[in-house]
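Residue strings, one per chain:
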Number of protein chains: 2
Amino acid sequence: MFLVSLIPIRSGTPSGSGPERSDAARNRELLLCAARQLIEECGADGLTMDKLAERAGVGKGTVFRRFGSRAGLMMTLLSDSEAEFQGRFMFGPPPLGPGAPPLERLIAFGAGRIGYVLEYGDLARAADHSVYNRFEVPAAVLWHRHIEYLLREAGLDADPWLMAMSLSATLDPERLLYAVRVQGVSPERLEESWRQLVTRVVRPAE
Amino acid sequence: MFLVSLIPIRSGTPSGSGPERSDAARNRELLLCAARQLIEECGADGLTMDKLAERAGVGKGTVFRRFGSRAGLMMTLLSDSEAEFQGRFMFGPPPLGPGAPPLERLIAFGAGRIGYVLEYGDLARAADHSVYNRFEVPAAVLWHRHIEYLLREAGLDADPWLMAMSLSATLDPERLLYAVRVQGVSPERLEESWRQLVTRVVRPAE
DNA sequence: ATATTATCCGGACCGTAGTCCGTTTAGTAT
DNA sequence: ATACTAAACGGACTACGGTCCGGATAATAT
């Protein structure tokens, strides 16, 4: 029904008109490899498009033709783990996947997302940053729809779209990383607060 | 108790060591005036620091000495309306100000903030953007503390700091503007969803 | 008035994301 | 093998935020 696509993230491969040329494919691999190297050395924030082009031994134009933008590159780097997470919450075992009651799935979704952000946080933040509309990135749309769907299943008697927006906001990488890294909040405390939040949200008003 | 400062926003005036020099004061006025002009003409996003310096007839260095950064300039431009809003929710008449029950104050706070963001949204977004930590801006800290305080007053039996973070997230300018401008959500619908959210949050778990 | 000094000024300079376009090359048809 | 073409390449270029430092200037002391 709302199953859009499991891997909605541009992988750097142009979608239209046949397979890509061999030099293009080779350069894409070179770039992804160089990007992972640089991130290991300098962190995601320290990766610049110039350094990446130089390290990969290609021109700067090639980098942008492959990935469109810095955010596009970051999303490509995240696509594997993102697809894996999407697979787990859509088709995997309960309580994250189908089979468990909606509230439990919501709680598990938050916990899963918190874990994901804490693992790939810098990358996720770099991907969000400076993309014109972070909320229309396919992956973000999918999470939103998933939360909205679970809210409806749980019988929410309020505005599901906006309530899903509020819940998504809570799981924003930038905010979660601030809480953990700057404020020293533990992941367990985050998960518990998320549990409290969604439990209250789905309970009917009076 | 948690009353930090009513006007915690850098006004472009250096805080330390006596009054500013007359040429500095004159240039600050020139710059603020030019900034408002440019925003009227090009919108907040269209304002660049180079154009601003040229329009005001000063060097670029002067712009950055006054305001520190683009975000600092935007905050300075917002400081009057921000101080006015702070005054209303801290000392003004109920239900926004003290005197009303905490839940009603929370509801009014959200409505007030939604109105504020819809009025000064682009400016607020530009101020948030590219400041290293948006969450440590004095105004943001004050809102957070206010929400946290009201949650405690309302007898919240969950993590007040994190719950205040979740509620703040819902009121993020970027998200609210996306909902209204791109998704066509009405301000009334936003307010109603906020009301539903905070009402559920403050109600005790079982 | 003159000298002194702390502050401020200006604009050249840097790093970065993203664009543009003349040149090269991989695939294909003959 | 050769010619052709669409795609890809590369790196100079632009726009922007932000820094730096030698020179100018406002306030103050004498």
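The shown structure was predicted, so the numbers you read here are calculated from the model rather than taken from an experiment. (Residues numbered from 1 in each chain as written. Chains lettered and ligands numbered in written order. Predicted model: local features only at pLDDT ≥ 70, side-chain atom pairs only at ≥ 80, totals over all residues. Heavy atoms only, no water.)

## A look at the overall build of chain A
Point 1. The number of helices and strands found in chain A is 9 helices and 0 strands.
Point 2. Taken from the N to the C terminus, the helices and strands of chain A come in the order α-α-α-α-α-α-α-α-α.
Point 3. Each principal axis of the C-alpha distribution contributes one length, and for chain A these read about 65 × 40 × 30 Å.
Point 4. Out of the 206 residues belonging to chain A, those deemed buried represent 54%.
Point 5. Within chain A, residue pairs in contact and separated by at least 24 positions form 67% of the contacts whose partners lie at least 6 positions apart.
Point 6. In the form shown here, chain A has an accessible surface area of approximately 9600 Å², with 54% of it arising from carbon and sulfur atoms. (Helix = DSSP H or I, 4+ residues; strand = E, 2+ residues; numbered from the N terminus. Buried < 20%, exposed > 50% of the residue type's maximum accessible area, 1.4 Å probe, protein only. Contact = heavy atoms within 4.5 Å. Areas by Shrake-Rupley, 256 points an atom, 1.4 Å probe, with all protein chains shown as cover.)

## Side note on the protein's contact with DNA strand C
Point 1. Of all residues adjacent to DNA strand C, which total 21 residues, the nearest are K60(A), R21(B), N27(B), G61(B) and R65(B).
Point 2. The sugar-phosphate portion of DNA strand C accounts for 57% of its atoms within 4 Å of the protein, the bases making up the rest.
Point 3. Within the contact set of DNA strand C, a phosphate oxygen lies 3.3 Å away from a backbone nitrogen or oxygen of D23(B).
Point 4. Contributing elements (two or more residues each) for the surface near DNA strand C: α1 (22-42) and α3 (60-67) of chain A together with α1 (22-42) and α3 (60-67) of chain B.
Point 5. In the surface near DNA strand C, the residues fall into 5 nonpolar, 7 polar and 9 charged. (Near = heavy atom within 4 Å. Polar contact = N/O pair within 3.5 Å; in protein donor to acceptor, adjacent residues only side chain to side chain. Nonpolar A, V, L, I, M, F, W, Y, C, P; charged D, E, K, R; others polar.)

## Quick look at the packing of aromatic side chains
Residue and element names in this part refer to chain A.
Point 1. For the structure shown, the criterion picks out 12 aromatic pairs over all chains.
Point 2. Judged by centre distance (5.7 Å) and plane angle (25°), the rings of F85 and Y116 are stacked. Placement of F85 in helix α4 (residues 70-91) and of Y116 in helix α5 (residues 102-128) is noted, with a sequence separation of 31 residues between them.
Point 3. Sitting over the ring of W143, R113 keeps its end group 3.7 Å from the ring centre. (Phe/Tyr/Trp six-rings, centres within 6.5 Å; stacked < 30°, edge-to-face > 60°. Lys NZ or Arg CZ within 6 Å of the ring centre and 35° of its normal.)

## Section: the interface of chain A and chain B
Point 1. Taken together, the contacts link 35 residues of chain A with 35 residues of chain B.
Point 2. Summing both sides of the interface, chain A and chain B together bury roughly 3700 Å²; the carbon and sulfur share of this comes to 57%.
Point 3. Broken down residue by residue, the surface that chain A buries against chain B is led by F135(A), R175(A) and R200(A), which jointly contribute 21%.
Point 4. Where R175(A) meets D172(B), a salt bridge forms, and the shortest distance between an N and an O atom there is 3.0 Å.
Point 5. Of all the elements, helix α7 (residues 160-170) of chain A adds the most residues to the side of chain A that touches chain B, at 8 residues.
Point 6. Across the side of chain A that touches chain B, the residue classes break down as 17 nonpolar, 7 polar and 11 charged. (Buried area = accessible area lost by both parts, 1.4 Å probe. Salt bridge = Lys/Arg side-chain N within 4 Å of Asp/Glu carboxyl O.)

## Considerations on the nonpolar core
Point 1. Grouped together as the largest cluster of nonpolar side chains are 127 residues, with contacts concentrated most on L73(A), L151(A) and L151(B).
Point 2. Residues contacting L151(A), with those up to four places away along its chain left out, are L106(A), L156(A), P160(A), M163(A), A164(A), L167(A), V201(A) and V202(A). (Core = buried A, V, L, I, M, F, W, Y, C linked by side-chain atoms within 4.5 Å.)

## Section: the layout of surface pockets
Point 1. Its boundaries defined by the atoms lining it, the largest pocket holds a volume of some 780 Å³.
Point 2. As for the largest pocket, its lining consists of 32 residues, of which R125(A), H129(A), E174(A), S130(B) and R134(B) are closest to the centre.
Point 3. Broken down by secondary-structure element, the contributors of at least two residues to the lining of the largest pocket are α5 and α8 (173-182) of chain A together with α5 (102-128) and α8 (173-182) of chain B.
Point 4. Counting residues per element, the lining of the largest pocket draws most heavily on α8(A), which supplies 6 residues.
Point 5. For the lining of the largest pocket, a count of residues per class yields 12 nonpolar, 5 polar and 15 charged. (1 Å grid on protein atoms, 1.4 Å probe; cavity = no way out; pocket = protein on both sides within 12 Å on 5 of 7 lines; lining within 4 Å. Points joined across faces, edges and corners; volume = space filled by probe spheres on them.)

## Describing the pattern of salt bridges
Point 1. Applying the stated criterion across every chain, the model contains 36 salt bridges over all chains.
Point 2. Residues joined in a network through salt bridges with shared partners are D128(A), R134(A), D172(A), E174(B) and R175(B).

## Description of the protein's contact with DNA strand D
Point 1. In the vicinity of DNA strand D, 22 residues are found, and the nearest of them are R21(A), N27(A), R65(A), K60(B) and R70(B).
Point 2. Each atom of DNA strand D within 4 Å of the protein was classed as base or backbone; sugar and phosphate made up 58%.
Point 3. The contact in question runs from a base nitrogen of DNA strand D to an N or O atom on the side chain of R21(A), over 2.8 Å.
Point 4. At 2.4 Å from a phosphate oxygen of DNA strand D is found a side-chain nitrogen or oxygen belonging to N27(A).

## As for the domain arrangement of chain A
Quite often, the size of an interface is put as the accessible area lost when its parts meet.
All names here are of chain A.
Point 1. With domains assigned, chain A is organised as domain 1 (20-68) and domain 2 (69-202).
Point 2. Between the C-alpha centres of domain 1 and domain 2 there is a distance of 28 Å.
Point 3. At the interface, 12 residues of domain 1 touch 10 residues of domain 2.
Point 4. Roughly 990 Å² is buried in total at the junction of domain 1 and domain 2, and carbon and sulfur atoms are behind 68% of that figure.
Point 5. Taken as a group, A44, D45 and F67 account for 43% of the area that domain 1 buries against domain 2, more than any other trio of residues on that side.
Point 6. Between domain 1 and domain 2 we count 1 salt bridge in total.
Point 7. For the salt bridge of D45 with R125, the shortest nitrogen-to-oxygen distance reads 3.7 Å.
Point 8. Taken together, the links from domain 1 to domain 2 amount to 3 residue pairs in polar contact (both at pLDDT 80 or more). (Domains from an automatic or database assignment.)

## What to know about the relation of the copies chain A and chain B
Between the two chain copies there is a screw-like relation: a rotation about an axis and a shift along it.
Point 1. At an RMSD of 0.1 Å, chain A and chain B line up after a rotation of 180° and a shift of 0.0 Å along the axis. The symmetry that links the two subunits is that of a two-fold axis.
Point 2. When the interface residues of chain A are mapped onto chain B, 100% of them are again interface residues, pointing to one common binding face. (Least-squares fit on C-alpha atoms with pLDDT ≥ 70 in both.)

## Digging into the confidence of the model for chain A
Point 1. Mean pLDDT over chain A: 91, with 91% of residues reaching 70 or higher.
Point 2. Segment residues 1-10 of chain A is flagged for pLDDT under 50; beyond a separation of four residues in sequence, or across chains, it makes 25 contacts in the model. (pLDDT = per-residue confidence, 0-100.)

## A word on helix α9 (residues 187-202) of chain B
Point 1. Taking 1.5 Å as the rise per residue, α9(B) with 16 residues should run 22 Å; its terminal C-alpha atoms sit 23 Å apart, in good agreement.
Point 2. Buried positions along α9(B) lie against α7 and α9 (187-202) of chain A together with α5, α6 (138-153), α7 (160-170) and α8 of chain B. (Expected span 1.5 Å × (residues − 1).)

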